[in-house]
Amino acid sequence: MRSQTLARSLDVLQTLADGKPRTSQELADNLGLHRSVIYRALRTFEDYSLVTRAADGRFLLGLGMAGLAKTAMGDLEAQIEAVLQELSNVSSATAIFCGPQREEAVVLTSTRPTQRLASVAIRVGMRFSLTQSAPGLAILALQPPREHEIDEVALARQTGFVHTKGAPFVSLEVVAVPVEMPDGQEASLSLIFPTDDGDVAVMFRHLRAYKERLTTPTEAWEI
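The shown structure was predicted, so the numbers you read here are calculated from the model rather than taken from an experiment.

Caption draft 1: Geometry of the layout of surface pockets. For the second largest pocket, the calculated volume is near 210 Å³. Forming the boundary of the second largest pocket are R102, E103, L130, T131, L140, Q143, P144, R146, E149, I150, V153 and R157. By residue class, the composition of the lining of the second largest pocket is 5 nonpolar, 2 polar and 5 charged.

Caption draft 2: Region of interest: the packing of helix 1 (residues 4-16) against helix 2 (residues 24-31). At a closest axis distance of 11 Å, the pairing of helix 1 and helix 2 adopts a crossing angle of 105 degrees. Relative to helix 2, helix 1 is oriented roughly perpendicular. For the pair helix 1 and helix 2, contact is made by D11, V12, T15 and L16 and by L27, N30 and L31, respectively. Taken together, the residues that form the contact of helix 1 with helix 2 break down as 4 nonpolar, 2 polar and 1 charged.

Caption draft 3: Representation of helix 3 (residues 35-47). For helix 3, which comprises 13 residues, the first-to-last C-alpha distance of 18 Å matches the rise-based estimate of 18 Å (1.5 Å per residue) to within 8%. Within the span of helix 3, buried status applies to I38, A41, L42 and F45. Seen from one end, helix 3 has its buried residues packed into an arc of 100 degrees, which puts them on one side. Of the exposed residues in helix 3, the ones pointing more than 90 degrees away from its buried face are R40 and D47. At its buried positions, helix 3 is contacted by helix 1, helix 2, strand 1 (51-53) and strand 2 (59-61). Once helix 3 finishes, S49 follows within two positions and takes phi at roughly 60 degrees, a positive value.

About the thresholds
Residues numbered from 1 in each chain as written. Predicted model: local features only at pLDDT ≥ 70, side-chain atom pairs only at ≥ 80, totals over all residues. Heavy atoms only, no water. 1 Å grid on protein atoms, 1.4 Å probe; cavity = no way out; pocket = protein on both sides within 12 Å on 5 of 7 lines; lining within 4 Å. Points joined across faces, edges and corners; volume = space filled by probe spheres on them. Nonpolar A, V, L, I, M, F, W, Y, C, P; charged D, E, K, R; others polar. Axes fitted to C-alpha atoms, helices over the stretch in contact; angles between N-to-C directions. Helix = DSSP H or I, 4+ residues; strand = E, 2+ residues; numbered from the N terminus. Parallel < 35°, antiparallel > 145°, perpendicular 65-115°, else oblique. Contact = heavy atoms within 4.5 Å. Expected span 1.5 Å × (residues − 1). Buried < 20%, exposed > 50% of the residue type's maximum accessible area, 1.4 Å probe, protein only. Arc of directions from axis to C-beta.

Take a look at the structure:
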């Protein structure tokens, strides 16, 4: 059983997650709901600091969202970031760790190699389609096979990785591997680098090694 009211309220947060402030009417139009429904959800979220209002009265996500995320992740966030930073330095590429949210893969952690003056910058919170990006396809590869699924997903189950050129980033290549965390949550680990500036097989070996670091219970990590 699902709560329709709760689902609609969460859709409001999902819409605001792109960082673009909106009025209650804009949110209502976007979600196809009556403004009064949206406004009640927004007022409740305001009470918990999950949304706030800009000076012009438009709504955006509040600091309470960051507080919830930080509390939920705890030490795990620092451990993931430490592993990704080491991966970036070893591979000389940008590393991102993504988790699924409905039909998208969301960047939860992003690191760049410290030894390179110029490298690809990927913002935490950036979102990619699950079906049109290497990070998303890698996450889908963790799920049971489905009829009419994308060929790349089936291939990823066989090879252990996804490789794309120009998607979702123009002039960039992405190599991604599926990651099942110790608590069972699905995620992906990816390396991003300029086209023809890295060896895919080498990148995959790096990802496979550091994936093991992420999937080992945290008490066994040696960072």
